[in-house]
Amino acid sequence: MNPATSAPVLEARKLTKCFPGVIALNEVTFDLRPGEIHALCGENGAGKSTLIKTLSGIHPFGSYEGEIRVNGQPAQFTTLKDAEAAGLAVIYQELALVEEMSVAENIFLGNEPRRGPWIDWDASYAQAARLLAQFQIQIDPDVKVRDLGVGQKQLVEIVKALGKKSRILILDEPTAALAESEVEILLRILRDLRASGVACIYISHKLGEVKAIADRITVLRDGSSISTFDTASVEIPDIIRHMVGREIKELFPRDRNTPVGDTLLSVRNLEVAPDSSSPSRLRDVSFDVRAGEVLGIGGLMGAGRSELLLHLFGAWGERRAGEVQLAATADPNPDPQDSIQRGLVMVTDDRKRFGLHLDQPIGFNLSLSSLAPVTHLGLVDEARETQVNQKLFDALRVKAPGLDVPVGGLSGGNQQKVVIGKALMTQPRIVFLDEPTRGIDVGAKLEVYQLINRLTAEGKAVVLVSSELPELMGMSDRIVMLHEGQVGGTFLPEEFNQESLLAAAMGRSKPSAPTNP
Amino acid sequence: MTATASPTSPAPTRTPLSATAIRELTMPAMLIAIWILFAVLSPAFLSPRNLSMLMIELSVTATLAVGVLLVLLPGHTDLSVGAGAGLLGGIASVLIFKHSWPAPAALALSLSVGVALYCGMGWFIVKNRIQAFIITLGGMLAFKGAFWLVIQSTTIPVVRGGEQNLYSALTTFYLPPTVGLALAAGVIAALAVLAIRSRKRRQSVGAHVPSFEEAYLKTFVAGQAILLVVLVCNQYQGVPLAFLILCAVAAVVHVLTQHTPFGRYLYAIGGNEEAAVVSGVPTKKVVIVAFTLLGSIVAITGFMATAYAGASTTTVGDLMELDAIAACVIGGTSLKGGRGTVLGALFGALIMASLLNGMTLLAVSPELKFIVRGVVLAFAVWMDVKLGRR
């Protein structure tokens, strides 16, 4: 069939959705044709998630104005279940898998193959294996989801949606947590699906990917201004301009002129295991971090990047060997509280899990790590606390009505600003940033980069973990690539290029890479 | 991406207000309904004497509820507090009655036993990462057995032959009317001064302050309520000492939870423990301290409950843990942790205590009493969920 002429499978007409004090969507019109991949782009807070939630019944019929049509018929979804019955499947950034269940159980959860009143387990596993094989995903359906990596979980989630025979697939940032190779698999699956007539809404901040896969691209700004392009007729800079309403010239504005100072953190021959009964996950890791520099740490999924930071911060693993010096004194057995007191703070990659108290107000989150300075005679001086919070809130330009708004209602970029703000309020000397720009838009990314520059200009050190090589190369003064828990190579800016970094990440580089058994 | 405002828009609304307002009003409405019902069915319910007794019963339930709140907030629980209260009350009774200890010394020793026991339990739960439910279930059984051993499964009066001591005074002493009034005046004045000071402080740093009318009204209503309580008490014998103890415990826990880093950490641990750890919250220490504080409150409750019964018997403390948890939950506390307030727990306890007192007054059979309390608990939580806790 020809996507350009066929009637839309999903259509939104003049959708308007308000929240108290905010108009999230203002007369948005959008259509999805059968057998197309339609990308949805926009800054955080532009209304992408709200649009998806409205289309899929999470914001029920009656809570919005306008009309939704599926296959030309008006649809009035009051729950996600209604939307699923109509053939929609939504795959969210936050995965909805049951960790303690097997892959097969998850795929058929709520939809189990039956023989009479009983679940037909044999059929479940056989069908799951067939589905996985069909998409060339090498995951054992018997394995518990808990034991999978984030990327693999994402793939399972997609297979689960396909197991429901959905004809309309909505993917919210599906590749945010995926490694390069897994992104390839995902994009291949989506192309196969497109060929079989499944229509797909694809939300992503990775514009390169969007350009590569989408048939059409819709850019949403401030919940109202909306423009749709044929992918062939638009270039990435145009998309960015439509997203932010202005031109962003420098994508990675690293200022490399900051003078480098003393060594603040020194790691020698570090070996760490998850617990006393497991094999080591990090081996023979050595590096230094100096004041005023950004040390980039790269590697594939599972190379141990996050684990390394978490361990040095004191939140993961058991040290088997090696020495760590923090601010010129030994740091044998760190815990987060000590680390923060000694000037080391960490922004983790999973902000919802490790970063935020979603039910609590912004103010509560910002000052949680820094109550001591505003505590007088054992009591928190709320007036001063508010003052300090407000200063940071303004400086980071968090978009929210005020400090007493719960963090859970903010967009990803604004949540990330709150997590970073909480870290900065502790007055650190070293800041660990683990994927600080994951799932946030171009404008917010730029603000994070500028913040990194400001921190190093103040003589602080930043350790940046990122799975996006351009970001890593653009923002680091030095890059350590990890390969299976070991240093695969260390690079200076003049040596930065994607090929050699990737080679080091895969354990195939020349300089100083220990051979792998 | 839902609730972001464009940077130009002012901040007109906070989160949805109407739903919270309704939710906050349901509890008082429920309480008033219960009171009207009992007042109609039995005029004696609102008599000064009965109200005074209700206050003492409330003091026992509510003090324990406020203590349990401390461990519910960080997402733990404690099933052992009823048996613990019986045990600690029993230890003090035995020391006084059988070993002729002076009451203050006996109470002090028993209190320290409570602190040590609960500190130990908290430490065990945290260090070994075992669910509090299991450990405190074990505690409940062990404390019950220890309790019966201590009192030899007999009845041990709190005081020797008809005398008065500090122990029995806990539930028999009343403040003289004039002292009660003076105390009320002092508390109201202190509240007003605190309110004004906090306003000035916030204004001086440019923070948001509620309108003067709103602040004045709040203080005024609080003052009226305090005065009313004292006047009603004075109709009978004065303000009961037990009620003052409740007020003191509640005030301390309120300040701890709302105005100290420790309190913030309780909410942070209950809301998202992993994020709390990464934020540098000393999670283990905080939970151990919460259990330790609970230990002292369990002891105080045990003393009051035993004194109210007049003697330590095998049934003192029975099912009190469930009343305390129920009071917290009716008052809006989440059993998953991270949400709940002292004021809510007090309201919940008042509902539970009023129900029990009124039904006793009406000579309702014990069977029916249990059923009614169970239904009210389920109903209160159902209302709470319905009214937009999500």
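Nothing here was measured: the structure is a model prediction, and the numbers come from that model. (Residues numbered from 1 in each chain as written. Chains lettered and ligands numbered in written order. Predicted model: local features only at pLDDT ≥ 70, side-chain atom pairs only at ≥ 80, totals over all residues.)

Topic: the overall build of chain A
Then, number 1: Counting secondary structure elements, chain A contains 17 helices and 24 strands.
Then, number 2: Structurally, chain A occupies a C-alpha span of about 70 × 55 × 50 Å along its principal axes.
Then, number 3: For chain A, with 517 residues in total, the buried portion stands at 49%. (Helix = DSSP H or I, 4+ residues; strand = E, 2+ residues; numbered from the N terminus. Buried ≥ 20, exposed ≤ 12 C-beta atoms within 10 Å, placed from the backbone.)

As for the sheet that holds strand β22 (residues 461-465) of chain A
Strand pairing in a sheet relies on backbone hydrogen bonds. The paired strands run either parallel or antiparallel.
Residue and element names in this part refer to chain A.
Then, number 1: One open sheet holds the six strands; their spatial order is β18-β21-β22-β15-β23-β24, and the pairing between them is mixed. Unpaired on one side and paired on the other, β18 (344-347) and β24 (486-491) mark the two borders of the sheet. The mean inter-strand angle of the sheet, taken between neighbouring strand axes irrespective of direction, is 20 degrees.
Then, number 2: As paired strands, strand β15 (residues 294-299) and β22 are joined by four bridges and run parallel to one another. For Leu-295, the partnering residue across the bridge sits in β22 and is Val-463.
Then, number 3: Sitting on the sheet, helix α17 (residues 498-505) touches β15, β23 (478-483) and β24, and the angle it makes with β23 is about 40 degrees. (Pairing = 2+ DSSP bridges. Axes fitted to C-alpha atoms, helices over the stretch in contact; angles between N-to-C directions. Contact = placed C-beta atoms within 7 Å.)

Here we look at the packing of helix α2 (residues 48-72) of chain B against helix α14 (residues 342-361) of chain B
Between two packed helices, both the angle of their axes relative to each other and the distance between the axes serve to describe the pair.
Residue and element names in this part refer to chain B.
Then, number 1: Two elements in contact, α2 and α14, have axes whose closest approach is 8 Å; the angle formed by their N-to-C orientations is 140 degrees. It follows that α2 is oblique to α14 by the angle criterion. Here α2 and α14 pass one another in a crossing that is right-handed. The segment α2 lies against α14, with Asn-50, Met-53, Leu-54, Glu-57, Leu-58, Thr-61, Ala-62, Ala-65, Val-66 and Leu-69 engaging Val-342, Ala-345, Leu-346, Gly-348, Ala-349, Leu-350, Met-352, Ala-353, Ser-354, Leu-356, Asn-357 and Leu-361. (Parallel < 35°, antiparallel > 145°, perpendicular 65-115°, else oblique. Left-handed = near helix turned anticlockwise from the far one by under 90°.)

Quick look at the nonpolar core
Then, number 1: Core analysis: the biggest nonpolar cluster contains 181 residues, and Val-463 of chain A together with Ala-65, Val-68, Leu-69 and Tyr-167 of chain B have the highest contact counts within it.
Then, number 2: Sorting elements by how many residues they give to this core places helix α12 (residues 283-309) of chain B first, with 16 residues.
Then, number 3: Non-local contacts of Tyr-167 of chain B, meaning those with residues more than four positions away in its chain, are made with Ala-92, Ile-96, Ala-103, Leu-107, Val-158, Val-159, Phe-303 and Ala-307 of chain B.
Then, number 4: Ranked by size, the runner-up nonpolar core spans 64 residues in total, among them Phe-30, Ala-104, Ile-158 and Ile-170 of chain A. (Core = buried A, V, L, I, M, F, W, Y, C linked by C-beta atoms within 7 Å.)

Points about the environment of Thr-341 of chain B
Then, number 1: Position of Thr-341 of chain B among the secondary structure elements: in the loop between α13 (320-330) and α14.
Then, number 2: Sequence separation of Thr-341 of chain B and Ala-29 of chain B is 312 residues, and the distance between their C-alpha atoms is 18 Å.

Examining the environment of Pro-34 of chain A
Then, number 1: Position of Pro-34 of chain A among the secondary structure elements: in the loop between β2 (22-32) and β3 (37-41).
Then, number 2: As a C-alpha pair, Pro-34 of chain A and Arg-194 of chain A span 160 residues in sequence and 8.4 Å in three-dimensional space.

What to know about the sheet that holds strand β17 (residues 329-330) of chain A
Residue and element names in this part refer to chain A.
Then, number 1: Pairing is antiparallel across the open sheet formed by four strands, whose spatial order is β14-β13-β16-β17. This sheet does not close on itself; its edge strands, each paired only once, are β14 (282-290) and β17.
Then, number 2: Two strands pair when backbone bridges link them, and strand β13 (residues 263-273) and β14 are joined in this way by six bridges, in the antiparallel orientation. Residue pairing in the sheet places Leu-265 in a bridge with Val-289 of β14.
Then, number 3: Each of β13, β14 and β16 (318-326) touches helix α9 (residues 305-313); the most contacted strand, β14, lies at about 70 degrees to it.

Topic: the domain arrangement of chain A
A common way to express how large an interface is: the accessible area buried when the components associate.
Then, number 1: Looking at chain A, the domain boundaries give domain 1 (10-244), domain 2 (259-343 + 461-517) and domain 3 (345-427).
Then, number 2: In this structure, domain 1 of chain A and domain 2 of chain A have C-alpha centres spaced 35 Å apart. (Domains from an automatic or database assignment.)

Overview of the packing of helix α7 (residues 177-204) of chain B against helix α8 (residues 212-235) of chain B
All names here are of chain B.
Then, number 1: In the contact formed by α7 and α8, the axes pass within 10 Å of each other and the chain directions differ by 170 degrees. Considered as vectors, α7 and α8 are oriented roughly antiparallel to each other. Where α7 approaches α8, its residues Pro-177, Gly-180, Leu-181, Ala-184, Val-187, Ile-188, Leu-191, Ala-192, Ala-195 and Arg-199 are matched on the opposing element by Ala-215, Thr-219, Ala-222, Gly-223, Ile-226, Leu-227, Val-230, Cys-233 and Asn-234.
Then, number 2: Residues that form the contact of α7 with α8 fall into these classes: 14 nonpolar, four polar and one charged. (Nonpolar A, V, L, I, M, F, W, Y, C, P; charged D, E, K, R; others polar.)

A short note on unusual backbone geometry
Then, number 1: Of note, the phi angle at Leu-377 of chain A is positive, near 55 degrees, even though the residue is not glycine.
Then, number 2: Here Leu-377 of chain A shows up in the loop between β19 (375-376) and β20 (379-380).
Then, number 3: Not every positive phi belongs to a glycine, and Ser-100 of chain B is a case in point at roughly 55 degrees.
Then, number 4: Following the sequence through the fold, Ser-100 of chain B ends up in the loop between α3 (81-97) and α4 (103-128).
Then, number 5: The exposure class of Ser-100 of chain B is exposed, given the 9 C-beta atoms found within 10 Å.

Some remarks on the confidence of the model for chain B
Detailed conclusions should not be drawn from predicted coordinates in areas where pLDDT is low.
Residues and elements named next belong to chain B.
Then, number 1: Scored by pLDDT, chain B has a mean of 89; 93% of the residues are at 70 or more.
Then, number 2: In this model, residues 1-17 is a region of pLDDT below 50 whose contacts with residues beyond four sequence positions or in other chains number 42 contacts.
Then, number 3: This prediction of the complex comes with two scores: 0.79 for pTM and 0.86 for ipTM. (pLDDT = per-residue confidence, 0-100.)

Focus on helix α5 (residues 132-150) of chain B
Residues and elements named next belong to chain B.
Then, number 1: Compared with an ideal rise of 1.5 Å per residue, which puts 19 residues at 27 Å, α5 spans 25 Å between its outermost C-alpha atoms and is within 8% of the ideal.
Then, number 2: Among all positions in α5, only Ala-132, Ile-135, Thr-136, Gly-139, Phe-143, Phe-147 and Val-150 are buried. One face of α5 carries all of its buried residues, which in axial projection span an arc of 100 degrees. In this structure, α5 carries Ile-134, Gly-145 and Leu-149 as exposed residues pointing more than 90 degrees from its buried face.
Then, number 3: Turning to α5, the residues buried within the fold contact α2, α3 and α4. (Expected span 1.5 Å × (residues − 1). Arc of directions from axis to C-beta.)

Side note on helix α5 (residues 150-163) of chain A
Residues and elements named next belong to chain A.
Then, number 1: The end-to-end C-alpha distance of α5, which contains 14 residues, comes to 20 Å, matching closely the 20 Å that a straight helix rising 1.5 Å per residue would cover.
Then, number 2: Among the 14 residues in α5, 10 count as buried, and that is most of the element.
Then, number 3: Taken as a whole, α5 has its buried residues at Gly-151, Gln-152, Gln-154, Leu-155, Val-156, Glu-157, Ile-158, Val-159, Lys-160 and Ala-161.
Then, number 4: Where α5 is buried, its residues meet β6 (88-91), α3 (103-107), α4 (121-134), β9 (168-172) and α6 (180-195).
Then, number 5: A positive backbone phi angle near 55 degrees is found at Lys-165, which sits one or two residues after α5.

Things to note about the environment of Ser-369 of chain A
Then, number 1: Turning to its location among the elements, Ser-369 of chain A is positioned in the loop between α12 (362-367) and β19.
Then, number 2: Distance from Ser-369 of chain A to Trp-316 of chain A, taken between C-alpha atoms, is 19 Å for residues 53 residues apart in sequence.
Then, number 3: Setting aside its immediate chain neighbours within four residues, Ser-369 of chain A contacts Ile-340, Lys-422, Met-425 and Thr-426 of chain A together with Ser-279 and Gly-280 of chain B.

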